[in-house]
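Descriptive structure summary
These are the residues of each chain, in order.
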Amino acid sequence: MTRQLTLITGADRGMGFELALELGHLGQHILVAARNADKGNAAVAQLRDKGIEADSLELDVTDAKSIHQAATTVTQQYGHLDILINNAGIALDNYEKPSTLPIDTIRKDFDVNFFGVVMVTQAFIPLLRQAPFAKILNISSAVGSLTLASDPTTSIYQHSAMGYQASKTAVNMFTVDLANELKTTNITVNAVNPGWVDTTFAGGGGNKTVQEGVARTVALASSPDNTINGTFSDTDGLVPW
Ligand SMILES: NC(=O)c1ccc[n+]([C@@H]2O[C@H](COP(=O)([O-])OP(=O)(O)OC[C@H]3O[C@@H](n4cnc5c(N)ncnc54)[C@H](OP(=O)(O)O)[C@@H]3O)[C@@H](O)[C@H]2O)c1
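Here we summarise the structure given alongside this text. (Residues numbered from 1 in each chain as written. Predicted model: local features only at pLDDT ≥ 70, side-chain atom pairs only at ≥ 80, totals over all residues. Heavy atoms only, no water.)

1. Some points on helix α7 (residues 210-222)
Applied cut-off: Each helix corresponds to a stretch of at least 4 residues labelled H or I by DSSP, and each strand to a stretch of at least 2 residues labelled E; elements are numbered beginning at the N terminus. Here a helix's expected span is defined as the number of its residues, less one, multiplied by 1.5 Å. What we call the bend at a residue is the angle made by axes fitted to the seven residues finishing there and the seven residues starting there. By definition in these notes, contact holds between two residues if any of their heavy atoms fall within 4.5 Å.
The first and last C-alpha atoms of α7 sit 17 Å apart over 13 residues, in line with the 18 Å expected at 1.5 Å per residue. Maximal helix bending in α7 amounts to about 40°, located at Arg216. The inward-facing, buried residues of α7 contact α1 (14-25), β4 (83-86), β5 (134-139), β6 (187-192) and β7 (232-234).

Here's what the structure looks like:
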């Protein structure tokens, strides 16, 4: 049986690497997309040591040329893509007031978390169309939920990282609109909330392990079912937009 081909952005460390490890163990062929080729190659070496089929792909999600080159490489070497996981992300603002948060910080969050997701997805849709059925999984965050952020009874109400939060809200809107556009095609589009996960990203303070953080994404990516479309979910069920 041909292995499913899965591209994960930001797969050299954190949850991206854990996704590569777990989906690789489940038999998928992993394209480790990393902006730093050395880090990508090191991750691939670790995966291959564990018997996983993996290749490295240099990809900076903020760089249109890099994205174009990566899509060209996948076209030439594989001719299709089954699963795209938009995982790369940054949060440059933490507990800063929206009234004074520098515009440059907000723009940098958006460059990776939103424009990066849109650019990468648009570049790889032609390859996803070549698969029998294909999935786009956008790693979002519950802190991007307008419903939760405006509800004083939630912990997210207390959170203040407006640039990061808005970039994930924007990813959610991209998910909804793209899922709607593609609903009669072979491609589904969903957003996932990992929770607060203990990676470098969370400053080592997350209350979930990386395994817990990737569990919902692994479930969606490995399911033989491809009818779930246009949702935002985590391991507890649907997350409000
Ligand atoms: N950790 C949490 O608590 C949490 C909660 C909710 C959502 N999330 C989301 O989950 C995803 C993964 O987070 P994580 O905790 O695993 O973060 P992480 O450990 O900090 O890893 C982030 C990854 O993104 C990559 N990256 C950053 N900028 C990039 C760019 N311009 N092009 C390509 N790759 C880039 C990094 O590459 P380098 O190694 O080159 O820096 C790294 O591989 C992110 O989208 C994040 O927003 C995380």
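Having seen the model, we can carry on.
2. Considerations on the environment of Thr200
Its location among the elements puts Thr200 in the loop between β6 and α7. Spatially, the C-alpha atom of Thr200 lies 9.9 Å from that of Met15, the residues being 185 residues apart in sequence.

3. Remarks on the site of the ligand
Note the following rule: A single heavy atom is enough: if one lies within 4 Å of a molecule or strand, its residue is considered near that molecule or strand. Side-chain atoms alone can form a polar contact between residues adjacent in sequence; in general such a contact is a pair of N or O atoms within 3.5 Å, and within protein one must be able to donate a hydrogen while the other accepts it. In this description, accessible areas are obtained by the Shrake-Rupley approach with a 1.4 Å probe, and a residue is regarded as covered only by the protein chains that are shown. Residues are grouped as follows: nonpolar covers Ala, Val, Leu, Ile, Met, Phe, Trp, Tyr, Cys and Pro; charged covers Asp, Glu, Lys and Arg; every other residue, Gly included, is treated as polar.
With respect to spatial proximity, 28 residues lie near the ligand, and among them Asp12, Arg13, Lys39, Tyr164 and Thr199 are the closest. Between Asp12 and the ligand, the recorded distance is 2.5 Å, taken from a side-chain N or O atom to an oxygen atom. For the ligand, whose free accessible area comes to 910 Å², the fraction covered by protein is 96%. Only α1 and α6 (162-181) provide two or more residues apiece to the shell around the ligand. Grouping the amino acids of the shell around the ligand by side-chain chemistry returns 13 nonpolar, nine polar and six charged.

4. Considerations on the nonpolar core
Here is the rule we go by: Nonpolar core, defined: a set of buried Ala, Val, Leu, Ile, Met, Phe, Trp, Tyr and Cys residues in which side-chain atoms within 4.5 Å join the residues together. Per-residue accessibility, obtained with a 1.4 Å probe over protein chains only, is compared with the maximum for each type, and a residue is labelled buried under 20%, exposed over 50%, and partly exposed between these values.
Core analysis: the largest hydrophobic core is formed by 37 residues, its most contacted members being Leu7, Val74, Leu81 and Phe124. Only β1 (5-9), β2 (29-34), α3 (64-77), α4 (103-128), β5, α6 and β6 provide two or more residues apiece to this core. Among the elements that make up this core, the one with the highest residue count is α4 (11 residues). Residues in contact with Val74, not counting those within four places in the same chain, are Leu5, Leu7, Leu31, Leu57, Gly79, His80, Phe124 and Leu127. Among the nonpolar cores identified, the runner-up in size contains 26 residues, and Val32, Ile52, Leu137 and Val192 belong to it.

5. A few points about the pairing of β5
Selection rule: Strand pairing is defined by DSSP finding a minimum of two bridges between the two strands. Classification remark: right-handed applies to a crossover when, strands pointing away from the viewer, the course from the first strand over the helix to the second runs clockwise.
Counting buried positions over the six residues of β5 gives six, a clear majority of the element. Pairing geometry for β4 and β5, over four bridges, is parallel. Each bridged residue has a counterpart across the sheet, and for Ile83 the counterpart in β5 is Lys135. Handedness of the crossover joining β4 and β5 through α4: right-handed. Inspection of the sheet shows β5 paired to β6 by six bridges, in the parallel sense. Bridge pairing in β6 links Asn138 to Ala191.

6. Quick notes on the side chain of Thr217
Secondary-structure assignment places Thr217 in helix α7. Here Thr217 falls in the buried class, since its relative accessible area comes to 2%. Filtering out sequence-adjacent residues up to four positions away, Thr217 remains in contact with Leu19, Ile85, Leu137, Ile139 and Val192.

7. Digging into the sheet that holds strand β8 (residues 237-238)
Here is the rule we go by: Lines fitted to the C-alpha atoms define the axes, with helices restricted to the stretch that makes contact. Angles between their N-to-C directions range from 0 to 180 degrees.
Read across the open sheet, the eight strands follow the order β3-β2-β1-β4-β5-β6-β7-β8; overall the sheet is mixed. Edge positions in the sheet fall to β3 (54-58) and β8, since each has one partner strand and no second. Direction of pairing for β2 relative to β3: parallel, over a ladder of five bridges. Along β3, the bridge assignment pairs Ile30 with Ala54. Contacts from α6 reach β5, β6 and β7, with the element oriented near 155° to β6.

8. Overview of the pattern of salt bridges
Under the convention used in this document: Basic side-chain nitrogens of Lys or Arg form a salt bridge, by our definition, when they fall within 4 Å of a carboxyl oxygen of Asp or Glu.
Under the counting rule described, the total for this entry stands at four salt bridges. The partner of Lys39 in a salt bridge is Asp12, with the nearest N and O atoms 3.9 Å apart. Of the two residues, Lys39 is situated in helix α2 (residues 37-49) and Asp12 in the loop between β1 and α1; the sequence distance between them amounts to 27 residues. Residue Arg48 is joined to Asp55 by a salt bridge in which the shortest nitrogen-to-oxygen separation is 2.8 Å. When its relative accessible area of 22% is taken as the criterion, Asp55 is described as partly exposed.

9. Here's the deal with the packing of α4 against α6
How we decide: Oblique is the label for any angle not under 35 degrees, not over 145, and not in the 65 to 115 range, which are roughly parallel, roughly antiparallel and roughly perpendicular in turn. A clockwise turn of the near helix away from the far one marks a right-handed crossing, whereas an anticlockwise turn of less than a right angle marks a left-handed crossing.
Interhelical geometry of α4 versus α6 gives an angle of 20° and a closest axis separation of 7 Å. Classified by the angle their axes make, α4 and α6 are roughly parallel. By crossing handedness, the relation of α4 to α6 is classed as right-handed. Side by side, α4 and α6 meet where Ile106, Asp109, Phe110, Asn113, Phe114, Val117, Val118, Thr121 and Ile125 of the first sit next to Met162, Gly163, Tyr164, Ala166, Ser167, Ala170, Val171, Phe174 and Leu178 of the second. In terms of residue class, the contact of α4 with α6 is made up of 13 nonpolar, four polar and one charged.

Remember that the coordinates give geometry; whether it matters functionally is a separate question.
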